[in-house]
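Now for the letters of each chain:
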Amino acid sequence: MIKFLDLQKITAKYADEIHAATRRVVDSGWYLQGEENARFEANYARYIGTKHCVGCANGLDALIWIFRAYVELGVMKPGDEVVVPANTYIATILAITENGLVPVLVEPREDTLQLDDSKIEAALTPRTKAVCIVHLYGRCAYTEKIGELCRSRGLKLVEDNAQAHGCLFAGTTKTGALGDAAGHSFYPGKNLGAFGDGGAVTTNDPALAEAIRSLANYGSTRKYAFKYRGRNSRLDEIQAAILDVKLAHLDEDLAARRAVAKFYAENISNPAVCVPVPDDWRAHVFHLFPVLCSRRDDLQKFLADNGVQTLIHYPIPPHKQECYAQWNALSFPITERLAREELSLPISPVMTPQEIRAVVEAVNAF
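Counting restarts for each chain: residues are numbered from 1 in the order of the written sequence. Where local features are concerned, this predicted model is filtered to residues with pLDDT of at least 70; where side-chain atom pairs are given and counted, the filter is 80 or more; whole-chain, interface and lining totals use all residues. Side-chain numbers here rest on the full set of heavy atoms in the structure, without hydrogens or water.

So, about helix α4 (residues 59–72). Only DSSP runs of H or I with at least four residues qualify as helices, and only runs of E with at least two residues qualify as strands; both kinds are numbered from the N terminus onward. To estimate how far a helix should extend, the number of its residues minus one is multiplied by 1.5 Å. Between its first and last C-alpha atoms α4 spans 20 Å; for 14 residues at 1.5 Å apiece the expected length is 20 Å, and the two agree. Counting buried residues in α4 gives 11 out of 14 residues, a clear majority hidden from the surface. When a residue's accessible area, from a 1.4 Å probe over protein chains only, is under 20% of the maximum for its type it is buried; when over 50% it is exposed; and in between it is partly exposed. Taken together, the buried positions of α4 are Gly59, Asp61, Ala62, Leu63, Ile64, Trp65, Ile66, Phe67, Arg68, Ala69 and Tyr70. One side-chain oxygen at the N-terminal end of α4 lies 3.2 Å from the backbone nitrogen of Leu60; it belongs to Asn58. Count one or two residues on from α4 and you reach Gly74, which has phi positive near 80°. Nitrogen and oxygen atoms within 3.5 Å of one another constitute a polar contact, given that in protein one can donate a hydrogen and the other can accept it, and given that sequence-neighbouring residues count only through two side-chain atoms.

Ordered in space as β1-β9-β8-β5-β4-β2-β3, the 7 strands form an open sheet in which the pairing is mixed. Two strands close off the open sheet at either side, each with one partner strand: β1 (52–56) and β3 (102–106). The mean angle between the axes of side-by-side strands here comes to 20°, regardless of whether they run parallel or antiparallel. Any two strands with at least two DSSP-identified bridges between them are counted as paired. Looking at chain direction, strand β2 (residues 81–85) and β3 are connected through 5 bridges and run parallel. Paired with Val84 across the strands is Leu105, a residue of β3. Note on definitions: a residue-residue contact is assigned when non-hydrogen atoms from the two residues lie within 4.5 Å. Lines are fitted to the C-alpha atoms to define the axes, a helix being fitted only along its stretch in contact, and any angle between axes, read from their N-to-C directions, falls within 0 to 180 degrees. Across the face of the sheet, helix α8 (residues 206–215) comes into contact with β1, β8 (181–185) and β9 (199–203) while running at roughly 15° to β1.

Another aspect to go through is the nonpolar core. Formed by 40 residues in total, the largest nonpolar core has its most connected members in Phe40, Tyr44 and Val131. Among the elements that make up this core, the one with the highest residue count is helix α3 (residues 35–48) (5 residues). In this structure Phe40 touches Phe186, Leu192, Leu235, Ala240, Leu243, Asp244 and Leu247, once residues within four positions along its chain are discounted. Side-chain atoms within 4.5 Å link the members of a nonpolar core, which is a set of buried Ala, Val, Leu, Ile, Met, Phe, Trp, Tyr and Cys residues.

Turning next to the UniProt feature "active site" (unreviewed entry) in the protein. What UniProt calls "active site" (unreviewed entry) maps, in this numbering, to Lys190. Inspection of the secondary structure assignment puts Lys190 in the loop between β8 and β9. For Lys190, a relative accessible area of 14% translates into the label buried. Aside from chain neighbours lying at most four places away, what touches Lys190 is Ala162, Gln163, His165, Ser185 and His287. UniProt positions are given in the numbering used here, feature names are shortened, and annotations may be inferred rather than shown by experiment.

A few words now on a nonpolar patch on the surface. Note on patches: the residues involved have over 30% relative accessible area and no salt bridge, like charges join within 9 Å, and the nonpolar side chains Val, Leu, Ile, Met, Phe, Trp and Tyr join within 5 Å. Computed by Shrake-Rupley with a 1.4 Å probe, the accessible areas treat only the displayed protein chains as cover when residues are assessed. Take a side-chain nitrogen of Lys or Arg and a carboxyl oxygen of Asp or Glu: if they are within 4 Å of each other, that pair is a salt bridge. Together, Val26, Tyr31 and Leu32 make up an exposed nonpolar region whose accessible area comes to about 270 Å². Tracing the backbone through its elements, the reader meets Leu32 in the loop between α2 (15–28) and α3. Taking relative accessible area as the criterion, Leu32 reaches 37% and is therefore assigned partly exposed.

Before going further, it helps to spend a moment on empty space enclosed by the protein. Cavities and pockets are found on a 1 Å grid laid over the protein atoms alone: a cavity is a set of points where a 1.4 Å probe fits but cannot escape, a pocket is an open set with protein on both sides within 12 Å along at least five of seven lines, and a lining residue has an atom within 4 Å of such a point. Grid points are joined across faces, edges and corners, and a volume is the space filled by probe spheres set on the points. Enumeration over the complete set of coordinates arrives at 3 cavities of 30 Å³ or more. Its boundaries defined by the atoms lining it, the largest cavity holds a volume of some 100 Å³. Lining the largest cavity we find 13 residues, and of these Asn87, His313, Tyr314, Thr335 and Ala339 sit closest to its centre. In terms of residue count, helix α12 (residues 333–341) provides more of the lining of the largest cavity than any other element does, 3 residues in total. Amino acids outside the nonpolar list (Ala, Val, Leu, Ile, Met, Phe, Trp, Tyr, Cys, Pro) and the charged list (Asp, Glu, Lys, Arg) are all regarded as polar, and Gly is one of them. Taken together, the residues that form the lining of the largest cavity break down as 8 nonpolar, 4 polar and 1 charged. Every residue along the wall of the second largest cavity is listed here: Leu5, Leu7, Ile10, Pro188, Gly189, Lys190, Asn191, Gly193, Lys246, Asp253, Arg257 and Pro349.

Counting buried positions along β1 gives 4 out of 5 residues, so the element sits mostly inside the fold. Inspection of the sheet shows β1 paired to β9 by 5 bridges, in the antiparallel sense. Note that in β9 the partner of Val54 across the bridge is Val201.

What follows deals with helix α11 (residues 296–305). Side chains of residues three or four places apart in an α-helix project in the same direction, reflecting 3.6 residues per turn. Listed as buried for α11 are Arg296, Leu299 and Leu303. Down the axis of α11, the sector holding all buried residues measures 60°, keeping them to one side. Projecting away from the buried face of α11 at angles above 90 degrees are the exposed residues Lys301 and Asp305. Looking at the packing, one finds that the buried side of α11 touches α12, β13 (342–345) and α13 (353–365). This arc is built from the directions going out from the helix axis to the C-beta atoms.

Each aromatic pair joins two rings of Phe, Tyr and Trp (for Trp, the six-membered one) with centres within 6.5 Å, and gets the label stacked for planes under 30 degrees apart, edge-to-face for over 60, and tilted for any other angle. Under the criterion given, the structure shown has 11 aromatic pairs. Members of the aromatic cluster, connected to one another through ring pairs, are Phe40, Tyr44, Tyr47 and Phe186. Sitting over the ring of Tyr47, Lys174 keeps its end group 4.3 Å from the ring centre. Lysine NZ or arginine CZ positioned within 6 Å of the ring centre and within 35 degrees of the ring normal marks a charge as sitting over the ring. Note that Lys262 overlies the ring of Trp281, its terminal NZ or CZ placed 5.1 Å from the centroid.

Turning next to the packing of α2 against helix α9 (residues 237–247). One can describe the packing of α2 onto α9 by two numbers: an axis separation of 9 Å at closest approach and a directional angle of 150°. Put simply, α2 runs roughly antiparallel to α9. Handedness of the α2/α9 crossing: right-handed. In this structure, α2 uses Glu17, Ile18, Ala21, Thr22, Arg24, Val25 and Val26 to contact α9, whose residues at the interface are Glu237, Ile238, Ala241, Ile242 and Val245. Counted by class, the contact of α2 with α9 contains 8 nonpolar, 1 polar and 3 charged residues. In what follows, roughly perpendicular refers to angles from 65 to 115 degrees, roughly parallel to angles under 35, roughly antiparallel to angles over 145, and oblique to any angle outside these ranges. Here is the rule for handedness: rotate from the far helix to the near one, and if that takes an anticlockwise turn smaller than a right angle the crossing is left-handed, while a clockwise turn gives right-handed.

Here the focus is the pattern of salt bridges. Evaluation of the coordinates by the stated rule reveals 22 salt bridges. As a salt-bridge pair, Glu98 and Arg231 come within 3.8 Å of each other at their nearest N and O atoms. One end of the pair, Glu98, is in the loop between α5 (90–97) and β3; the other, Arg231, is in the loop between β11 (225–226) and α9, with 133 residues separating them in the sequence. Assessed through its relative accessible area of 35%, Arg231 is described here as partly exposed.

Here is the structure:
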C-alpha cells in the first residue's frame, strides 16, 4: 500500500537533528516558554516575513486568539461579521463563532477551489469587520482584489495559513504575511509538522501580538497580573525545537512536493478525473493534492484495491454540520459539489518515483 503520508519516513530524514534537539531540551530542565520557543518564533517570523510570531498550542487556538485579541482591543465586538469561504475545514468557522462573531459564508471558485473574490463585496454589510481567507490545500487564496477591498473598506484581513507554510504570492510575499494576522497549524501531518499539536500567529502589529501572547498565557501581562481572561495555550519547548529543525529543511521539502504534483498534473489523463493545477507553481505548496471525480467513492475504492491510500477533504461542509444546524438549509452548490467529489492523492517529500508513477497508473486505469 502506498501510504497517503508516511510520517515515519519524513521523520527519518532528519532523525539525528531531531534527536539532538529533543535531548537538548530534556537536558535543559526548561520545558515551557524558554529559549527554544524564542528561537523558533524568531526564525519562523523571519521565514514568513513578519515582525512578530507568537507560538500557541494549536492552529485552532491561533485563529481563536486573533479574533479574541481584536475583540479585546475594541476592533471587533460580538455580532460583527467575518466573510469566510464556505468550503473550509471547520476550525476556521469555530474560531469565528468562539468569539461571538458571525461567519458569512462565500462560495469558492471552481477552477482554484479558493474563495471567489468576485463574490465578497455582495456579502459585505455594515457589520462586516474582517475577511478571513483560507489557503486551502496549500494554495494561495489571496488576490490583489481581496487586498484592495479590505484596504478600501477598512476591513481586517485574516489568513488561515494552516496548510500553506512557505507558499508565495506573486513570487515575493509568503502567505502568513499578506494580511493583518495569520494563524498557522503545526499538526504532525502539515508540511511543517510537530510531534503533536502546535500553532502560531504571525503579524506585523505589535499590539495584536502582545495581546495574543497574553491571552495564550492565562491573560497574563506579567507574573500574577492578568489583563485578560485568557487560557493556557502554549507551544512547548520540545515541539518548538523540533519545528526549528524541520523549518531549516522546509523549502527543500516543498520543492519535492511540487515535483510530485507536477508529475501528477502532467501525467494523469483520465477524463473522469479533474486535476486543478495552479498558473503559478510558487503559489502552491501542495499540502494536499485534490482531484475531483463525480464517482469519487468508486475511485477511492478502486485506488485502495490497487494499493493506493487516499483521503477525502472534506465530506461534510461546515453549513451542513450538526453543530451549525441553523445553517443546514442554506445552499452553496459549489461547496457541496466539492464535498461530494474531492479526493486527495498521496503526496509527500519522501515518495519514490516508483510510487508516484504507480499512483498515476492507478488513477488512469480507473
